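Structure at a glance
Read off the chains here:
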Amino acid sequence: MERTRMAVVAGVAAAVVVAGVGAAFVFGFAPGGAENTAPSTESESTGGADTVALNFTIDDRSECGRTCRVVNATVTNVGNETVRNVRFAHELFSNGESGEPNEQVWAGTATVGTLSAGSSAEMQFEVRFGAMEGLAIQSNGGVLFSTAVTPAGNETFENDVQAG
């Protein structure tokens with residue numbers, strides 16, 4: 001009898017956790033241009049708008065599972081010079097109760113290559129995170145920092161991740 005009660009309690013607890021996880025991922029990356037800003041992490045910009053003239057825009061996103069999003073973005077060289085060896089370092093942070101980024105939940109990279117003046121390139125990357133990170137983002141939103149890393153310098157863009 002005691003074993004049956006424990007199994008029922010465990011089954012109810014698992015059902016509550018699964019229900020919570022199923023509802024946890026109703027959020028998305030906001031399409032549109034990013035603010036050019038310094039990341040809230042320890043990494044620092046070595047260049048800036050005067051050195052690297054890139055524009056980063058999130059075009060859309062789609063689900064690739066409960067804890068996965070595919071993000072499509074466009075990078076445009078808005079400067080007058082060719083920028084070589086462009087790659088992006090992405091970091092997703094969940095916001096704390098204060099609304100400020102406080103915990104990194106994912107990091108990844110994407111390679112763009114060479115962008116001549118005025119040209120654009122499309123980029124796609126997958127963001128994968130755990131159930132607890134998904135709950136944190138759903139509750140308070142988050143921020144995606146995307147840093148363009150080039151031989152001429154770095155430039156960081158900030159995109160809000162919508163809660164709810």
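In case you missed it, the structure is sitting above this.
Residues numbered from 1 in each chain as written. Predicted model: local features only at pLDDT ≥ 70, side-chain atom pairs only at ≥ 80, totals over all residues. Heavy atoms only, no water.

**Quick notes on the overall build of the chain**
How we decide: Runs of H or I in DSSP of at least four residues are treated as helices and runs of E of at least two as strands, each being numbered from the N terminus. Residue burial is assigned from relative accessible area. The probe radius is 1.4 Å, only protein chains are included, and a residue is buried under 20% of its type maximum, exposed over 50%, and partly exposed in between. Areas reported here follow the Shrake-Rupley algorithm with a probe of radius 1.4 Å; residue values treat only the protein chains shown as occluding.
Along its length, the chain carries 2 helices and 10 strands. Listing every helix and strand of the chain by position from the N terminus yields α-β-β-β-β-β-β-β-β-α-β-β. By residue count, 39% of the 164 residues in the chain fall in the buried class. Entry remark: accessible area of the chain is about 8700 Å², with carbon and sulfur atoms responsible for 49%.

**Some words on the pairing of strand 8 (residues 120–128)**
Let me state the cut-off plainly: Being paired, for any two strands, means DSSP has found at least two bridges between them.
Side chains Ala121, Met123, Phe125 and Val127 project from strand 8 onto a buried face, and the interleaved Ser120, Glu122, Gln124, Glu126 and Arg128 project onto a face without burial. With 9 bridges joining them, strand 5 (residues 68–77) and strand 8 adopt antiparallel strand pairing. Its bridge partner lying in strand 8, Arg69 is registered against Val127.

**A word on the nonpolar core**
Formally: Here, nonpolar core means buried Ala, Val, Leu, Ile, Met, Phe, Trp, Tyr and Cys residues that are tied together by side-chain atoms lying within 4.5 Å of each other. Should any heavy atoms of two residues lie within 4.5 Å, those residues are considered in contact.
Within the largest apolar cluster, 26 residues are counted, with the highest numbers of intra-cluster contacts made by Leu54, Phe56, Val75, Phe88, Leu92, Val112 and Met123. Looking at this core, the elements that each hand over two or more residues are strand 4 (54–65), strand 5, strand 6 (83–95), strand 7 (101–115), strand 8, strand 9 (142–150) and strand 10 (153–162). Broken down by element, the residue count for this core peaks at 5 residues, all from strand 7. Not counting the four nearest positions on each side in its chain, Val75 is found in contact with Leu54, Asn55, Phe56, Phe88, Val112, Leu115, Ser119, Ser120, Ala121 and Met123.

**A few points about the packing of aromatic side chains**
Our working definition: Aromatic rings from Phe, Tyr and Trp, with only the six-membered ring used for Trp, were paired whenever their centres fell within 6.5 Å, and each pair was classed as stacked if the ring planes differed by under 30 degrees, edge-to-face if by over 60, and tilted otherwise.
Taken as a whole and assessed by the stated rule, the structure comprises 4 aromatic pairs. Feature note: the residues Phe56, Phe88 and Phe157 constitute an aromatic cluster, connected by ring pairs.

**Observations concerning the pattern of salt bridges**
Threshold: Whenever a carboxyl oxygen of Asp or Glu lies within 4 Å of a side-chain nitrogen of Lys or Arg, that contact is scored as a salt bridge.
As enumerated under the stated definition, the model contains 1 salt bridge in all. One salt bridge in this structure joins Arg128 and Glu126, with 2.9 Å as the shortest N-O distance. Here Arg128 falls in the partly exposed class, since its relative accessible area comes to 47%. On the basis of relative accessibility, which here comes to 39%, the residue Glu126 falls in the partly exposed class.

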